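Here is how the chains run, residue by residue.
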Amino acid sequence: FYSEGYDSVRPCARAYSICLSTIARSRRKNKVVKAQELLHRMESEYRGGNSACRPTVYSYNAVLNAAAFSGRDEKEQEEAFRVACLTFDELRMSDYLQPSHVSYGTFLKAIKKLMPESDVRDNLVKGLFRKCCRDGVASDFVLKEMAGLSTPGLYQSLLEGVTNEYGNLPKSWSANVR
């Protein structure tokens, strides 16, 4: 309606986020592209002056979730991985948001499902986990995804000798988990 001139029904972040979540949970082919387009439209609305459309971490996480649960064929998986990487980078570079523990965990889940095992994947995971710890958002969810994604040796080396239980992590690693 808004696009047809009805200013009183201007979209807001909550409406966009509900749509993003619905797309992410659908079984639609290429849903990740649709989710990314909607997030970019939301961002464009916000940059265009609609402050009620300011994307939230939840909005970005919904796109990451769409990517993590995409990919019936190789081409769709490649596209989903590309979108996941771009979305996570956009969130990291945002002027007003930063990734949450859900963002990191969902991106790790996307890596696990969409990227084949390799040294490149291991290096990406190492860097991502270290950044997560520096940001203070290493949570049970992040640890669970890490354990399922990496070899036991890599996982233990990243934990730096700490047991893999959330309560035993250095406080700084999880200081910002909400």
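For clarity, every value in this text was computed on a predicted model and none was experimentally measured. (Residues numbered from 1 in each chain as written. Predicted model: local features only at pLDDT ≥ 70, side-chain atom pairs only at ≥ 80, totals over all residues. Heavy atoms only, no water.)

Caption draft 1: Highlighting the pattern of salt bridges. Within the structure shown, the criterion is met by 10 salt bridges. Among the salt bridges present, the one from Glu 76 reaches Lys 29, with a minimum N-O distance of 3.5 Å. With a gap of 47 residues between them, Glu 76 in helix H4 (residues 74-93) and Lys 29 in the loop between helix H1 (13-25) and helix H2 (31-47) connect regions that are remote in the sequence. In this structure Lys 29 comes out as partly exposed when scored by relative accessible area, which is 45%. Lys 144 is the partner of Glu 145 in a salt bridge, and the nearest nitrogen-oxygen pair spans 3.7 Å. Residue classification places Glu 145 among the buried residues on the basis of a relative accessible area of 1%. With a relative accessible area of 56%, Lys 144 lands in the exposed category. One network of salt bridges, in which partners are shared, links Lys 109, Lys 112, Lys 144 and Glu 145. (Salt bridge = Lys/Arg side-chain N within 4 Å of Asp/Glu carboxyl O. Helix = DSSP H or I, 4+ residues; strand = E, 2+ residues; numbered from the N terminus. Buried < 20%, exposed > 50% of the residue type's maximum accessible area, 1.4 Å probe, protein only.)

Caption draft 2: Molecular detail of the packing of aromatic side chains. Overall, the coordinates contain four aromatic pairs when judged by the stated rule. Between the aromatic rings of Phe 129 and Trp 173, the centroid separation amounts to 5.9 Å while the plane-to-plane angle is 90°, which identifies the pairing as edge-to-face. Of the two residues, Phe 129 sits in helix H6 (residues 119-134) while Trp 173 sits in the segment after helix H8 (152-158), which places them 44 residues apart along the sequence. In this pair, the class of Phe 129 matches that of Trp 173, namely buried. Following the ring pairs from residue to residue traces out a cluster consisting of Phe 88, Tyr 104 and Phe 107. (Phe/Tyr/Trp six-rings, centres within 6.5 Å; stacked < 30°, edge-to-face > 60°.)

Caption draft 3: Focus on the packing of H6 against helix H7 (residues 140-149). Following both chains from N to C, one finds H6 and H7 inclined at 165°, their axes separated by 12 Å at the closest point. Taken as axis vectors, H6 and H7 run roughly antiparallel relative to one another. Between H6 and H7 the crossing geometry is left-handed. Residue-level contacts link Arg 121, Val 125, Phe 129 and Cys 132 of H6 to Val 142, Leu 143, Met 146 and Leu 149 of H7. Partitioned by chemical class, the residues of the contact of H6 with H7 number seven nonpolar, no polar and one charged. (Axes fitted to C-alpha atoms, helices over the stretch in contact; angles between N-to-C directions. Parallel < 35°, antiparallel > 145°, perpendicular 65-115°, else oblique. Left-handed = near helix turned anticlockwise from the far one by under 90°. Contact = heavy atoms within 4.5 Å. Nonpolar A, V, L, I, M, F, W, Y, C, P; charged D, E, K, R; others polar.)

Caption draft 4: Representation of the nonpolar core within the structure. Ranked by size, the top nonpolar core spans 52 residues in total, and within it Leu 20, Ile 111, Phe 129 and Met 146 carry the most contacts. Elements with a contribution of two residues or more to this core: H1, H2, helix H3 (57-68), H4, helix H5 (101-114), H6, H7 and H8. Broken down by element, this core gets its largest block of residues, eight residues, from H3. Sequence-distant contacts of Phe 129, that is, excluding residues within four places in its chain, are made with Val 142, Leu 143, Met 146, Leu 158, Leu 159 and Trp 173. (Core = buried A, V, L, I, M, F, W, Y, C linked by side-chain atoms within 4.5 Å.)

Caption draft 5: Region of interest: the environment of Ala 68. Inspection of the secondary structure assignment puts Ala 68 in helix H3. Between the alpha carbons of Ala 68 and Ala 84 there is a distance of 7.8 Å; along the sequence they are 16 residues apart. In contact with Ala 68, not counting residues within four places along its chain, are Thr 106, Lys 109, Ala 110 and Lys 113.

Caption draft 6: Quick look at the packing of H3 against H4. The contact between H3 and H4 brings their axes to 8 Å, and the two run at 160°. Between H3 and H4, the crossing angle belongs to the class labelled roughly antiparallel. Where H3 crosses over H4, the handedness of that crossing is left-handed. Residue-level inspection shows Val 57, Tyr 60, Asn 61, Val 63, Leu 64 and Ala 67 of H3 in contact with H4, the latter providing Ala 80, Val 83, Ala 84, Thr 87, Phe 88, Glu 90 and Leu 91. Each residue belonging to the contact of H3 with H4 can be placed in one class, and the counts come to 10 nonpolar, two polar and one charged.

So far we have only geometry, and geometry alone does not tell us how the molecule works.
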